[in-house]
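Structural description and commentary
What follows is each chain in one-letter form.
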Amino acid sequence: MPLDIDKLRLDFPILAQTVNGQPLVYLDNAATTQKPQAVLDALNHYYQGQNANVHRAAHALSGQATQAFEAARAKVADFIHAPDARQVIWTRGATEAINLVALSFGMQKLKAGDEILLSAMEHHANIVPWQQVAAATGAVIKVIPLTDNAELDMTAAANLFSSRTKLLAISHVSNALGVLNPVQTLIAMAKAVGAVTLIDGAQAVGHLSVDVQALDCDFYVFSGHKMFGPTGIGVLYGKRALLEAMPPWQTGGEMIKYVSFEHTRFGELPFKFEAGTPNIAGAIGLGAAIDYLSALDRCALAAHEHQLMLQLLAGLSALPEVRIIGRPTAGAVSFIIDDVHPQDVATLLDMQGIAVRTGHHCAMPLMQALDLQQGTLRASIAFYNHAQDIDALLLGLKKSREFF
Ligand code: 7TS
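For helix 14 (residues 387-403), spanning 17 residues, the distance from its first C-alpha to its last is 25 Å, which sits close to the expected 24 Å at 1.5 Å a residue. Here helix 14 has its buried residues at Asp389, Ile390, Leu393, Leu394, Gly396, Leu397 and Ser400. Buried residues of helix 14, seen end-on, are gathered within an arc of 160° and therefore sit on one face of the element.

Around the ligand, 15 residues are found, and the nearest of them are Thr95, Asp200, Ser223, Arg357 and Arg378. In the environment of the ligand, an oxygen atom lies 3.4 Å from a nitrogen or oxygen atom belonging to the backbone of Ala94. In the environment of the ligand, an oxygen atom lies 2.6 Å from a nitrogen or oxygen atom belonging to the side chain of Ser223. Burial of the ligand by the protein chains amounts to 87% of its free accessible area of 490 Å². Assessed atom by atom at 2 Å from the grid points, the ligand resides in the largest pocket. Counting contributing residues per domain, the shell around the ligand is built from domain 1 (5-30 + 297-403) and domain 2 (41-294), each supplying no fewer than three.

This part is about the layout of surface pockets. Here the largest pocket defines a volume of roughly 310 Å³. Along the wall of the largest pocket there are 23 residues; nearest its centre are Thr95, His123, Ala202, Ser223 and Lys226. Residue contributions to the lining of the largest pocket peak at 3 residues, all from helix 4 (residues 94-109). The class makeup of the residues in the lining of the largest pocket is 8 nonpolar, 9 polar and 6 charged. Viewed by domain, the lining of the largest pocket spans two of them, domain 1 (5-30 + 297-403) and domain 2 (41-294), each represented by three or more residues.

Here helix 3 (residues 60-79) crosses helix 10 (residues 280-294) at 45°, and the two axes come no closer than 8 Å. When the axes of helix 3 and helix 10 are compared, the pair comes out oblique. In this structure, the crossing between helix 3 and helix 10 has a hand that is left-handed. Here Ala65, Ala68, Phe69, Ala72, Lys75, Val76 and Phe79 of helix 3 lie close against helix 10, whose contacting residues are Ile280, Ala283, Ile284, Leu286, Gly287, Ile290, Asp291 and Leu293. Within the contact of helix 3 with helix 10, the residues separate by chemical class into 12 nonpolar, 1 polar and 2 charged.

What counts and what doesn't
Residues numbered from 1 in each chain as written. Predicted model: local features only at pLDDT ≥ 70, side-chain atom pairs only at ≥ 80, totals over all residues. Heavy atoms only, no water. Helix = DSSP H or I, 4+ residues; strand = E, 2+ residues; numbered from the N terminus. Expected span 1.5 Å × (residues − 1). Buried < 20%, exposed > 50% of the residue type's maximum accessible area, 1.4 Å probe, protein only. Arc of directions from axis to C-beta. Near = heavy atom within 4 Å. Polar contact = N/O pair within 3.5 Å; in protein donor to acceptor, adjacent residues only side chain to side chain. Areas by Shrake-Rupley, 256 points an atom, 1.4 Å probe, with all protein chains shown as cover. 1 Å grid on protein atoms, 1.4 Å probe; cavity = no way out; pocket = protein on both sides within 12 Å on 5 of 7 lines; lining within 4 Å. Sits in = over half its atoms within 2 Å of the grid points. Domains from an automatic or database assignment. Points joined across faces, edges and corners; volume = space filled by probe spheres on them. Nonpolar A, V, L, I, M, F, W, Y, C, P; charged D, E, K, R; others polar. Axes fitted to C-alpha atoms, helices over the stretch in contact; angles between N-to-C directions. Parallel < 35°, antiparallel > 145°, perpendicular 65-115°, else oblique. Left-handed = near helix turned anticlockwise from the far one by under 90°. Contact = heavy atoms within 4.5 Å.

Geometric descriptors of this kind do not, in isolation, establish any biological role.
So this is what it looks like as structure tokens:
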């Protein structure tokens, strides 16, 4: 059954609006995705009919809220094929999940001379927390460089792994280049030297089916808002033994079993890592996003996105002044236009109702490695984009070029 994109677009009310007098062309999905009506309804339903705190009170609403909140955790576990919902820790997003691992695992386990292996295309969220760990522990950061095609240099990577490597932290899909990284191979290399692995799946979950057991990674992190869920909710998945061995990173209510002034006993997984009132609505909204996605044919969505990527890459390649950065395959395409500042182009596109992102995409070291001082323009797609969006962008770029 071919996808009926026009029909699917009706599920996303925001897409129907005009911006600057033009139909909205939303191509900034790597920054955040739009939310289907089902997610908006779930948020509304919770606040209108179930709002109560979870895991505490002996009343009906609290019971319902707790049930919905924990059901959402189970949906996430299914969605990423985690063996047990207790291995799904709620966080504010990918950034907080990486910080959790950096503080609770990195700060505790790493020592002077240990090596943390990152890549040249990481988002700042997967760089700065490790720098903090390195500064505090004396661990050393090593960086997998890029090939001339702006892909990970796997030969260099193989040479960087050693018995000193204690942690590999790497993005599944690059937010700035739209490159799908060979994480399976890198995880196997890390395992061969006994290193722990963290995969930053922020840009993957909205596009690919993720199976944390097949990947066999130790940690996997992502944000709900990049997969059609609300902002302020994200996930840390971890292997049970590692999570069990890690100390809490924040303390207070919700995460304890027993407190006296002399002694506190912490709760079990996952609560040990969830101090304070959580983002209940966010979790329920993310659960609704998963229900929504699961009811669609994800293979057909991926095929449609692939078509859009081909259309975009072919269209950009046909514009002589445009240079595509690297070899994008998933979600996002970064490009520059000769002699024109990306921000100027983006402003002209915005006047035509077209939303793209410009700049360093929170990946300054990547821009330095590629010698792109002004950053790039980035168009990033989701399954609700249609061919007309790509046509509009390409036409918008031609018009911008005439302007400069
Ligand atoms: N990791 C990657 C690969 C990302 O793309 C992002 C956000 C993050 C981590 C952080 O996610 P957060 O939800 O905790 O902020 N990336 C982008 C982007 O490309 N444009 O805006 C945010």
